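# Summary of structural features
What follows is the residue order along each chain.
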Amino acid sequence: MKFENSSQKQRTSTDAIKQFFLGLAFGLLFLLVPLSYISISAMELNLLDVVVLAALVLSCGILAAAFGNKFLSPLIKFLESVPPIG
(Lines give C-alpha, C1' and ligand atoms only; values in the text may rest on other atoms or scores of the structure.)
Protein backbone atom coordinates (compact mmCIF):
# COMPACT_ATOMS: atom_id res chain seq x y z
CA MET A 1 0.00 0.00 0.00
CA LYS A 2 1.47 3.35 -1.05
CA PHE A 3 0.95 6.50 0.92
CA GLU A 4 0.66 9.91 -0.67
CA ASN A 5 3.66 12.16 -0.47
CA SER A 6 3.39 13.87 2.89
CA SER A 7 5.82 16.60 1.85
CA GLN A 8 3.15 18.19 -0.35
CA LYS A 9 1.46 20.93 1.59
CA GLN A 10 -2.27 21.42 1.54
CA ARG A 11 -3.56 24.34 -0.50
CA THR A 12 -5.28 26.99 1.53
CA SER A 13 -8.37 28.85 0.39
CA THR A 14 -6.19 31.93 -0.12
CA ASP A 15 -4.02 29.99 -2.58
CA ALA A 16 -7.09 28.79 -4.44
CA ILE A 17 -8.45 32.34 -4.66
CA LYS A 18 -5.12 33.64 -5.95
CA GLN A 19 -5.00 30.88 -8.54
CA PHE A 20 -8.59 31.65 -9.56
CA PHE A 21 -7.67 35.27 -10.25
CA LEU A 22 -4.53 34.17 -12.10
CA GLY A 23 -6.74 31.94 -14.25
CA LEU A 24 -9.06 34.88 -14.90
CA ALA A 25 -6.08 36.98 -15.95
CA PHE A 26 -4.87 34.27 -18.34
CA GLY A 27 -8.39 33.91 -19.73
CA LEU A 28 -8.61 37.64 -20.36
CA LEU A 29 -5.17 37.65 -21.95
CA PHE A 30 -6.06 34.82 -24.30
CA LEU A 31 -9.36 36.51 -25.06
CA LEU A 32 -7.72 39.81 -25.93
CA VAL A 33 -5.25 38.30 -28.42
CA PRO A 34 -7.83 37.51 -31.15
CA LEU A 35 -9.83 40.62 -30.31
CA SER A 36 -6.74 42.77 -30.87
CA TYR A 37 -6.90 42.00 -34.58
CA ILE A 38 -10.43 43.39 -34.88
CA SER A 39 -11.21 47.07 -34.79
CA ILE A 40 -13.42 47.98 -31.85
CA SER A 41 -15.70 49.99 -34.11
CA ALA A 42 -16.14 46.96 -36.40
CA MET A 43 -17.16 44.60 -33.60
CA GLU A 44 -20.80 43.78 -33.21
CA LEU A 45 -21.10 41.90 -29.95
CA ASN A 46 -24.51 40.63 -29.05
CA LEU A 47 -25.53 39.13 -25.73
CA LEU A 48 -24.67 35.56 -26.74
CA ASP A 49 -21.12 36.54 -27.71
CA VAL A 50 -20.58 38.30 -24.39
CA VAL A 51 -21.94 35.32 -22.44
CA VAL A 52 -19.71 32.87 -24.32
CA LEU A 53 -16.61 35.03 -23.83
CA ALA A 54 -17.39 35.52 -20.13
CA ALA A 55 -17.90 31.76 -19.73
CA LEU A 56 -14.53 31.14 -21.36
CA VAL A 57 -12.76 33.52 -18.99
CA LEU A 58 -14.58 32.13 -15.95
CA SER A 59 -13.80 28.57 -16.96
CA CYS A 60 -10.08 29.43 -17.03
CA GLY A 61 -10.42 30.80 -13.51
CA ILE A 62 -12.34 27.77 -12.27
CA LEU A 63 -9.86 25.34 -13.84
CA ALA A 64 -6.96 27.24 -12.29
CA ALA A 65 -8.61 27.14 -8.86
CA ALA A 66 -9.45 23.44 -9.19
CA PHE A 67 -6.16 22.15 -10.59
CA GLY A 68 -3.76 24.80 -9.30
CA ASN A 69 -0.22 24.60 -10.62
CA LYS A 70 -1.05 21.65 -12.89
CA PHE A 71 -3.17 24.06 -14.93
CA LEU A 72 -1.13 27.26 -14.51
CA SER A 73 2.37 25.88 -15.15
CA PRO A 74 1.83 25.11 -18.87
CA LEU A 75 0.24 28.51 -19.37
CA ILE A 76 3.17 30.27 -17.74
CA LYS A 77 5.65 28.24 -19.82
CA PHE A 78 3.71 29.17 -22.94
CA LEU A 79 3.83 32.87 -22.08
CA GLU A 80 7.57 32.64 -21.42
CA SER A 81 8.09 31.12 -24.87
CA VAL A 82 6.26 33.94 -26.66
CA PRO A 83 8.77 36.50 -27.95
CA PRO A 84 8.31 40.07 -26.71
CA ILE A 85 6.70 42.62 -29.00
CA GLY A 86 8.75 45.59 -29.96
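Please refer to the structure higher up on the page.
It should be emphasised that the depicted structure is a prediction, and the values quoted were computed from it without experimental measurement.

Thresholds, definitions, all that
Residues numbered from 1 in each chain as written. Predicted model: local features only at pLDDT ≥ 70, side-chain atom pairs only at ≥ 80, totals over all residues. Heavy atoms only, no water. Axes fitted to C-alpha atoms, helices over the stretch in contact; angles between N-to-C directions. Helix = DSSP H or I, 4+ residues; strand = E, 2+ residues; numbered from the N terminus. Parallel < 35°, antiparallel > 145°, perpendicular 65-115°, else oblique. Left-handed = near helix turned anticlockwise from the far one by under 90°. Contact = heavy atoms within 4.5 Å. Expected span 1.5 Å × (residues − 1). Buried < 20%, exposed > 50% of the residue type's maximum accessible area, 1.4 Å probe, protein only. Arc of directions from axis to C-beta.

### Focus on the packing of helix 1 (residues 13-35) against helix 3 (residues 69-81)
At a minimum axis distance of 11 Å, the contact between helix 1 and helix 3 shows a crossing angle of 40 degrees. As summarised for this structure, helix 1 and helix 3 are arranged oblique, according to the angle between their axes. The crossing of helix 1 and helix 3 is left-handed. Judged by residue contacts, Gln 19, Leu 22, Gly 23, Phe 26, Leu 29 and Phe 30 of helix 1 engage Asn 69, Leu 72, Leu 75, Ile 76, Phe 78 and Leu 79 from helix 3.

### Notes on helix 2 (residues 47-67)
For helix 2, built from 21 residues, the straight-helix expectation of 30 Å at 1.5 Å per residue is met to within 8% by its first-to-last C-alpha distance of 30 Å. Every buried residue of helix 2 is accounted for by Val 57, Cys 60, Gly 61, Ala 64 and Ala 65. Taken around the axis of helix 2, the buried residues stretch over an arc of 135 degrees, which confines them to a single face. For helix 2, the exposed residues lying more than 90 degrees away from the buried face are Leu 47, Leu 48, Ile 62 and Ala 66. Tucked into the core, helix 2 has its buried residues touching helix 1 and helix 3. Note on helix 2: the residue one or two positions beyond its end, Gly 68, has a positive phi of about 65 degrees.

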